[in-house]
Structure formats: structure tokens, C-alpha cells
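Below, each chain spelled out in residue letters.
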Amino acid sequence: MTISSIVGNKAKKLFTLAFIRRDNQVLLGLKKRGFGVGKWNGFGGKLNPNETLIDAAQRELEEECGLRSDHLAKMGVLYFEFEDNPVLMEVHVFQTSDFTGEVKESEEMKPQWYDLRDVPFSRMWPDDVFWWPYLLEERKFTGYFKYKDQETIVDYVIEETAAL
């Protein structure tokens, strides 16, 4: 079964997720409030009206950790379905090692650099272990994850893709 056949014409809400890398490190943020509170993740969120995906990713990055990048590379698209919500989350994943600014904590996120060998997967979303290898190897990907709750994946598919 392909991801496109699974997600089909289901209602979707767009989100972005951006990761900053330097040398052998990645910047993650500890979610301090709202959906995903207590989990380490990249920086992102939903689009504002009339905002492009890249504009939203840049805005969220700056709002949540103080960094700016005009060189975000789109690496993947992830679809998340939760059993108690008929609307899928369509998350566009970006990364860069080209950024400016100083890392700062925001009301929503507490940023911290992690060595790539010490990424805290046990304190992240359970799906991250499946698609992170693609991101780290700079291979483009598409994924679908169905959750029973915020900790339990009941089904998933991940595919390497040539273009996004």
C-alpha cells in the first residue's frame, strides 16, 4: 500500500518542521506547552493565512529558537493520523546548516544542541526513529504514521522519494 493511497482525499492541515545542524550536532527544542509538550523536536508549526511553507518554516524557526535561515532544504513530508481526529497532519520537514542569529529560549521551546550520536529518541515522538535516518543521510522521504494516542503507533509506511 502506498502513502498516497492511504492519505488520498482525507482532510489535511499543513505544518512545517525545521532542523538546524552544525558539524555533528542537531538543535532540538523541548516543547514547553501545547501539543507534544515535554517532547524534544525540531522547530515548526502551522501556516498563517497566505503564508507559504518556506515562509512558515522560517517564521517558526525564528520565533521558537531565534535562528534565521534563507537556505532551508525540504527533505520530507510526513502524514500523521490520530484515531480520535479525522484531519491528518501534513508536516513538511526541512533542514539546514546555513543559519544566522543566536539560539534563545522562547515561551514555547527550550533549545539545546545534541551530538548526533546522543539524540534523545526516548523523549521524542515515537515515529522519529523511523524517518530520522533518511534526514541524517540527506535522503528525501515520505511517511505516514497512524497513532492510537501520542505514544502508540498502530501503523506506518515510510518511503524514500526522488522529489517532493
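Scoring rules and cut-offs
Residues numbered from 1 in each chain as written. Predicted model: local features only at pLDDT ≥ 70, side-chain atom pairs only at ≥ 80, totals over all residues. Heavy atoms only, no water. UniProt positions renumbered as here; feature names shortened; annotations may be inferred. Helix = DSSP H or I, 4+ residues; strand = E, 2+ residues; numbered from the N terminus. Buried < 20%, exposed > 50% of the residue type's maximum accessible area, 1.4 Å probe, protein only. Lys, Arg positive; Asp, Glu negative; His and termini not counted. Salt bridge = Lys/Arg side-chain N within 4 Å of Asp/Glu carboxyl O. Polar contact = N/O pair within 3.5 Å; in protein donor to acceptor, adjacent residues only side chain to side chain. Contact = heavy atoms within 4.5 Å. Pairing = 2+ DSSP bridges. Phe/Tyr/Trp six-rings, centres within 6.5 Å; stacked < 30°, edge-to-face > 60°. Lys NZ or Arg CZ within 6 Å of the ring centre and 35° of its normal.

Visitor: What should I look at first to understand the UniProt feature "domain: Nudix hydrolase" (unreviewed entry) in the protein chain in this one?
Guide: Within this structure's numbering, the places UniProt gives as "domain: Nudix hydrolase" (unreviewed entry) are residues 11–140. Here residues 11–140 runs as 17% helix and 41% strand, with 24 Å between its end C-alpha atoms.

Visitor: What is the right way to read the side chain of Arg21 from this model?
Guide: Note on placement: Arg21 falls in strand β1 (residues 12–22). The charged side chain of Arg21 is buried without a salt bridge, its nearest counter-charge being Glu138 at 4.4 Å. At a separation of 3.1 Å, a polar atom in the side chain of Arg21 contacts the side chain of Gln95. Dropping the residues within four chain positions of it, Arg21 is found in contact with Val26, Gln95, Thr96, Ser97, Phe99, Trp113, Leu116, Leu135, Leu136 and Glu138.

Visitor: Can you walk me through the environment of Phe94 in this structure?
Guide: Position of Phe94 among the secondary structure elements: in strand β6 (residues 85–96). With 17 residues separating them along the chain, Phe94 and Val77 place their C-alpha atoms 9.1 Å apart. In this view, Phe94 contacts Thr16, Leu17, Ala18, Phe19, Leu53, Ile54, Ala57, Leu72, Ala73, Lys74 and Met75; residues no more than four positions away in its chain are not counted.

Visitor: Help me out: how do you make sense of the pairing of strand β9 (residues 152–160) in this one?
Guide: For a regular strand, the rule is simple: side chains alternate between the two faces of the sheet. Pairing geometry for strand β8 (residues 141–149) and β9, over eight bridges, is antiparallel. Bridge assignment links Tyr144 to a residue of β9, and that residue is Val157. Between β8 and β9, which follow one another and run antiparallel, lie two residues.

Visitor: I would appreciate a short explanation of the packing of aromatic side chains in the present structure.
Guide: By convention here, two paired aromatic rings are described through the distance between centres and the angle between planes. Tallied over the entire structure, the rule returns 18 aromatic pairs. When the ring of Phe35 is compared with that of Phe82, the centres are 5.7 Å apart and the planes differ by 85°; the resulting orientation is edge-to-face. Of this pair, Phe35 sits in the loop between β2 (25–31) and β3 (40–41) while Phe82 sits in strand β5 (residues 73–82), placing them 47 residues apart in sequence. For Phe82, a relative accessible area of 11% translates into the label buried. Ring geometry for Tyr134 against Phe141: centres 6.0 Å apart, planes inclined by 45°, an arrangement best described as tilted. No difference in accessibility class separates Tyr134 from Phe141, as the two residues are buried. Members of the aromatic cluster, connected to one another through ring pairs, are Phe35, Phe80, Phe82, Trp125, Phe130, Phe145, Tyr147 and Tyr156. Between Arg22 and the ring centre of Trp113, over which it is positioned, the NZ or CZ distance is 3.8 Å. The side chain of Lys39 reaches across the aromatic face of Trp125, ending 4.9 Å from its centre.

Visitor: Hey, could you run me through the pattern of salt bridges in this one?
Guide: Across all of its chains, the model carries twelve salt bridges by this definition. Of the charged contacts, one joins Arg68 and Asp70 as a salt bridge, the two residues approaching to 3.3 Å between their closest N and O atoms. Residue classification places Asp70 among the exposed positions, given a relative accessible area of 53%. The structure contains a network of salt bridges with shared partners spanning Glu51, Arg59, Glu60 and Glu63.

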